Amino acid sequence: MKIRMFDNNDREQVVALWHACGLVVPQNDPIKDIDRKLNVDPDLFLVGHVGDEIIATVMGGYEGHRGWINYLAVKPSHQRKDFGQAIMQAVEALIKAKGCPKINLQVRSSNEAVIRFYQSLGYGVEPVIGMGKRLEIDLDR
């Protein structure tokens, strides 16, 4: 797998990958999420590809205090082949190069396999409660 920055020509494959991985939920429009990301640190939006096929993605972020990880996805047929680890290492290096001291991410508590994956990369479960407030509704699709 080769890793590079997202390109607008990747949209269709990326959204299809996110659907295949169960990352698209009704309250988030993936096209709007891509557009939003391209306006803020687009260099932290990475895709992994084998030939012309996108098989992995990750969106990283850093707002000056903490880094964040979103939309980590690896095509189900390519999971457990270290592609997730590789794309995470790539985005972590980019976030660290911006001066970030710590990366946070959120995982549904019921997703034990993904929790174990992140733990294998050195992430720990922290005693916090994730909270959110929608400022824009994406349900107008």
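To be clear, the structure that these remarks concern was listed above.
It should be emphasised that the depicted structure is a prediction, and the values quoted were computed from it without experimental measurement.

Engineer: When you look at the sheet that holds strand β1 (residues 2–5) in this model, what are you seeing that I'm missing?
Structural biologist: Backbone-to-backbone hydrogen bonds pair the strands of a sheet. The strands run either parallel or antiparallel. The five strands are arranged β1-β2-β3-β4-β5 in an open sheet whose pairing can be described as mixed. Edge positions in the sheet fall to β1 and β5 (103–105), since each has one partner strand and no second. Across the sheet, the axes of successive neighbouring strands diverge by a mean angle of 30°, strand direction being ignored. Pairing of strand β4 (residues 67–74) with β5 involves three bridges; the strand directions are parallel. The residue bridging Ile 69 from the neighbouring strand is Leu 105, located in β5.

Engineer: So what exactly am I meant to see when it comes to the environment of Ile 34 here?
Structural biologist: Locating Ile 34 in the fold gives a position in helix α2 (residues 30–38). Sequence spacing of Ile 34 and Phe 45 is eleven residues, and the spatial spacing of their C-alpha atoms is 8.9 Å. Residues contacting Ile 34, with those up to four places away along its chain left out, are Phe 6, Arg 11, Val 14, Val 15, Trp 18, Phe 45 and Met 59.

Engineer: What is the right way to look at the pairing of β4 in this model?
Structural biologist: Within β4, six of the eight residues are buried, which leaves the element mostly enclosed by the surrounding structure. With six bridges joining them, strand β3 (residues 53–62) and β4 adopt antiparallel strand pairing. Bridging across to β4, Gly 60 finds its partner in Ile 69. Hairpin geometry of β3 and β4 is characterised by an intervening segment of four residues between the two adjacent antiparallel strands and by a positive phi of about 105° at Gly 64. The parallel pair β4 and β5 is bridged by helix α3 (residues 83–97), and the resulting crossover is right-handed.

Engineer: How do you make sense of the packing of aromatic side chains when you look at a structure like this?
Structural biologist: How two aromatic rings sit relative to each other is given by the distance of their centres and the angle of their planes. Across all of its chains, the model carries five aromatic pairs by this definition. Each ring, one from Trp 18 and one from Phe 45, has its centre 6.2 Å from the other, and the planes form 25°; the classification is stacked. Placement of Trp 18 in helix α1 (residues 11–20) and of Phe 45 in strand β2 (residues 45–50) is noted, with a sequence separation of 27 residues between them. The buried category is assigned to Trp 18, whose relative accessible area is 0%. The exposure class of Phe 45 is buried, given its relative accessible area of 0%. Measuring from centroid to centroid gives 5.7 Å for Tyr 118 and Tyr 123, while their planes differ by 70°, and the two rings are edge-to-face. The exposure class assigned to Tyr 118 is buried, which follows from its relative accessible area of 8%. Through successive ring pairs, a cluster of aromatic residues spans Phe 6, Trp 18, Phe 45 and Tyr 71.

Cut-offs and rules
Residues numbered from 1 in each chain as written. Predicted model: local features only at pLDDT ≥ 70, side-chain atom pairs only at ≥ 80, totals over all residues. Heavy atoms only, no water. Pairing = 2+ DSSP bridges. Helix = DSSP H or I, 4+ residues; strand = E, 2+ residues; numbered from the N terminus. Axes fitted to C-alpha atoms, helices over the stretch in contact; angles between N-to-C directions. Contact = heavy atoms within 4.5 Å. Buried < 20%, exposed > 50% of the residue type's maximum accessible area, 1.4 Å probe, protein only. Right-handed = clockwise from strand over helix to strand, strands pointing away. Phe/Tyr/Trp six-rings, centres within 6.5 Å; stacked < 30°, edge-to-face > 60°.

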